[in-house]
Amino acid sequence: MYNQVSTAPFTDFTKSTSLKTFAFWLGLLPQIALLFATGSWNSLLVIACAIMGTALSQIDSFVKKENIRMAVSYSLLTGTLVGFFLPPEYPLASVFLITFVMMFATKSVFGPPGVSWLNPVAITVVAAWFVGRMAFGSFLISGADLAAKNPSLALIDGALLQNGVDEAITLFLNDNVFSLFNVSIPNGYVSLFWDNHAAIPAFRFTFFTILASVFYFAFDFKKAEIPLTFVFLYLALVKFASPLLTGAAPMGGDVLLAMLSSGVLFTAVFLLQWPGTVPYTILGKCAFILFCSAFAFLFCGAGTSPIGAVMTVLFANIVSPALQVIENKNIKKRLSSLLNEKLGEAQK
C-alpha cells in the first residue's frame with residue numbers, strides 16, 4: 001500500500017464543499033468589481049467564457065442533477081481564476097474551448113475537486129499559453145534594467161499612475177512609517193499596489209489580493225503558513241540571488257518588482273493550496289514550499305513574467321508523487337515503530 005504512487009496522493013474532500021468553494025470565490029468579487037469600474041470589458045468577457053467552459057465540463061452533474069451546487073460553485077471559482085490569468089486579447093472561442101477540454105480532461109483523468117494532485121486552473125492556463133503564446137507577451141523588464149537600482153520604477157508610467165491621492169499617501173507613509181527605517185518610497189508605488197494596469201487581471205490589484213488573503217486566513221479557509229513562507233523565500237531569492245545573475249548591486253534585487261508584476265501574491269493566495277495538491281506531513285509541506293520557491297525564482301525570475309507563477313504551481317504539483325513516496329515511507333516507518341512498541345508492551 002505505501003509503496004504505490006496514486007493519481008490522487010493528497011486526496012482531500014473536506015475542503016471541497018460547495019459553501020467553502022463559493023465563499024472562496026467571494027474573495028475575488030472586489031477585483032471583478034474593479035474590472036467593471038475600470039471598463040476592462042475584454043477581461044470580463046474572457047472570464048465569462050472561462051466560466052462557461054468550466055460549467056460545460058461539469059455537464060454530467062447538471063444532467064444527472066447530482067452535486068449541482070458544487071458544480072456551480074466550482075465552475076464559478078475555477079472559471080474565474082482561469083480568466084484572471086489570461087490576457088484580454090485572447091480569442092474568446094479559444095478560451096471557452098481550451099477551458100472545457102482541459103477541465104474535462106483533468107476531471108476524467110485525475111478525479112473531481114479534492115482528489116486531483118494537478119491544479120486544474122494551472123494546467124488550463126499553461127495549455128492556453130502553449131496554444132496562444134503570442135497573446136501573453138514576454139518579460140517587461142530586460143536584464144539591463146534589472147541591473148539598475150529599483151527597476152520597478154519602470155512600471156510607473158508618469159501621470160497614468162501618479163496622482164494627488166498617490167502623492168498624499170506616499171508623503172504620509174514616508175513621514176510616519178518609512179522614516180523609522182531611514183528609507184522612503186517615490187510617488188507611484190501606492191498606485192502600483194492599487195492598480196498597476198497590467199494586461200493580465202491576476203497581476204493588477206495587489207492591495208485587494210492582500211485583503212482577500214486576510215479574509216481567507218482569518219476565517220480559516222486557507223492556512224497562512226504555506227503561502228507566506230513561499231512568498232518570503234521567493235522574495236529572499238530575488239533579493240539575494242538575483243543580483244548574482246543580473247549584475248545588480250549585492251542584495252539589490254527589487255522585491256517590489258517581483259511582488260507586483262508576475263502575479264506571485266495572487267498565485268500564493270488563490271492557487272498554491274488547492275485541495276488535493278498539498279502534502280499532509282510537515283516534511284512534505286516543507287519540501288513542497290522549497291520546490292515552489294525554487295520554481296518561482298526559475299520561471300518568474302525577478303518579476304514581469306506573464307506565465308511563470310502558474311508554471312510554478314504546475315511544476316510543484318508534478319513533483320507531488322515523489323513527495324507522496326517520501327511521506328508514505330515515513331508513515332510506514334512510524335506505523336511499524338508504533339506496532340513494535342505496542343507488541344513490546346503487550347509481551348511485558
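Residues numbered from 1 in each chain as written. Predicted model: local features only at pLDDT ≥ 70, side-chain atom pairs only at ≥ 80, totals over all residues. Heavy atoms only, no water.

Undergrad: Hey, could you run me through the packing of aromatic side chains in this one?
TA: The description of two aromatic rings rests on the distance between their centres and on the angle between their planes. If you walk through the whole model with that rule in mind, you get 21 aromatic pairs. Ring centres 5.9 Å apart and planes at 25° place the aromatic pair Trp-194 and Phe-207 in the stacked group. Separated by 13 residues along the polypeptide, Trp-194 in helix H11 (residues 189-194) and Phe-207 in helix H12 (residues 206-218) bring together distant segments of the chain. Taking the centre distance of 5.7 Å and the plane angle of 90° together, the rings of Tyr-216 and Phe-270 count as edge-to-face. With a gap of 54 residues between them, Tyr-216 in helix H12 and Phe-270 in helix H16 (residues 264-270) connect regions that are remote in the sequence. Like Tyr-216, the residue Phe-270 is buried in the burial classification. Members of the aromatic cluster, connected to one another through ring pairs, are Phe-24, Phe-84, Phe-85, Phe-215, Tyr-216, Phe-219, Phe-266 and Phe-270. Above the ring of Phe-24, the side-chain terminus of Lys-222 is found at 5.1 Å from the ring centroid. (Phe/Tyr/Trp six-rings, centres within 6.5 Å; stacked < 30°, edge-to-face > 60°. Helix = DSSP H or I, 4+ residues; strand = E, 2+ residues; numbered from the N terminus. Buried < 20%, exposed > 50% of the residue type's maximum accessible area, 1.4 Å probe, protein only. Lys NZ or Arg CZ within 6 Å of the ring centre and 35° of its normal.)

Undergrad: Honestly, helix H13 (residues 225-240) in this entry has me stumped. Any pointers?
TA: Since the α-helix turns once every 3.6 residues, residues separated by three or four places project in the same direction. Taking 1.5 Å of rise per residue, the 16 residues of H13 would be expected to cover 22 Å, and the 22 Å separating its terminal C-alpha atoms lies within 8% of that figure. Buried within H13 we find Ile-226, Pro-227, Phe-230, Val-231, Tyr-234, Leu-235 and Val-238. Buried positions in H13, seen along its axis, are confined to an arc of 150° and lie on one side of it. Opposite the buried face of H13, by more than 90 degrees, sit the exposed residues Glu-225, Leu-228 and Phe-232. Here the buried face of H13 lies against H12, helix H14 (242-246), helix H15 (255-261), H16, helix H17 (282-300) and helix H18 (308-318). (Expected span 1.5 Å × (residues − 1). Arc of directions from axis to C-beta. Contact = heavy atoms within 4.5 Å.)

Undergrad: Looking at this model, I keep getting lost on the packing of helix H1 (residues 18-26) against helix H5 (residues 68-84). Mind explaining?
TA: Each packed pair of helices is defined by two parameters, the angle between the axes and the distance between the axes. Contact geometry of H1 with H5 gives a least axis separation of 8 Å together with a crossing angle of 30°. When the interaxial angle is binned, H1 and H5 end up roughly parallel. The two elements H1 and H5 meet at a crossing, and its hand is left-handed. On H5, the residues touching Ser-18, Thr-21, Phe-22, Phe-24 and Trp-25 of H1 are Arg-69, Met-70, Ser-73, Tyr-74, Leu-76, Leu-77 and Thr-80. For the contact of H1 with H5, a count of residues per class yields seven nonpolar, four polar and one charged. (Axes fitted to C-alpha atoms, helices over the stretch in contact; angles between N-to-C directions. Parallel < 35°, antiparallel > 145°, perpendicular 65-115°, else oblique. Left-handed = near helix turned anticlockwise from the far one by under 90°. Nonpolar A, V, L, I, M, F, W, Y, C, P; charged D, E, K, R; others polar.)

Undergrad: How do you make sense of the environment of Pro-279 when you look at a structure like this?
TA: With respect to the helices, strands and loops of the structure, Pro-279 is situated in the loop between H16 and H17. Along the primary structure Pro-279 and Glu-327 are separated by 48 residues, whereas in three dimensions their C-alpha atoms are 8.0 Å apart.

Undergrad: In this structure, what is going on with a nonpolar patch on the surface? I would like to understand it.
TA: Taken together, the side chains of Met-52, Leu-56, Ile-59, Val-63, Phe-96, Leu-97 and Val-101 present a nonpolar region at the surface, about 600 Å² in accessible area. The set of elements that each furnish at least two residues to the nonpolar patch consists of helix H3 (41-57), helix H4 (59-64) and helix H6 (92-110). Here the nonpolar patch gets three residues from one element, more than from any other, and that element is H6. Note on placement: Met-52 falls in helix H3. With relative accessibility at 46%, the residue Met-52 sits in the partly exposed group. (Patch = residues over 30% accessible without salt bridge, like charges linked within 9 Å, V, L, I, M, F, W, Y side chains within 5 Å. Areas by Shrake-Rupley, 256 points an atom, 1.4 Å probe, with all protein chains shown as cover. Salt bridge = Lys/Arg side-chain N within 4 Å of Asp/Glu carboxyl O.)

Undergrad: Quick question: what am I supposed to make of the confidence of the model for the chain here?
TA: For the chain, per-residue confidence averages 83 on the pLDDT scale, and residues scoring 70 or more make up 85% of the total. The element-level mean pLDDT for the chain is lowest in helix H19 (residues 320-347), coming to 63, with H3 highest at 97. Scored below 50 in pLDDT, residues 1-6 makes twelve contacts in the model with residues more than four places away or belonging to other chains. (pLDDT = per-residue confidence, 0-100.)

Undergrad: It is not clear to me how the pattern of salt bridges should be interpreted in this structure. Could you clarify?
TA: Two side chains that carry opposite charge are able to pair once their charged atoms sit near each other. Per the counting criterion, the structure on display carries three salt bridges. Here Asp-195 makes a salt bridge to Arg-204, at a shortest N to O gap of 2.7 Å. Here the two residues Asp-195 and Arg-204 agree in accessibility, since each one is buried.

Undergrad: Explain the nonpolar core to me, please; I cannot follow it from the model alone.
TA: In this structure, Leu-81, Phe-230, Tyr-234 and Phe-270 are the most contacted members of the largest nonpolar core, which totals 85 residues. What Leu-81 contacts, discounting residues up to four positions off in sequence, is Leu-28, Val-121, Phe-266, Phe-270, Leu-271 and Trp-274. (Core = buried A, V, L, I, M, F, W, Y, C linked by side-chain atoms within 4.5 Å.)

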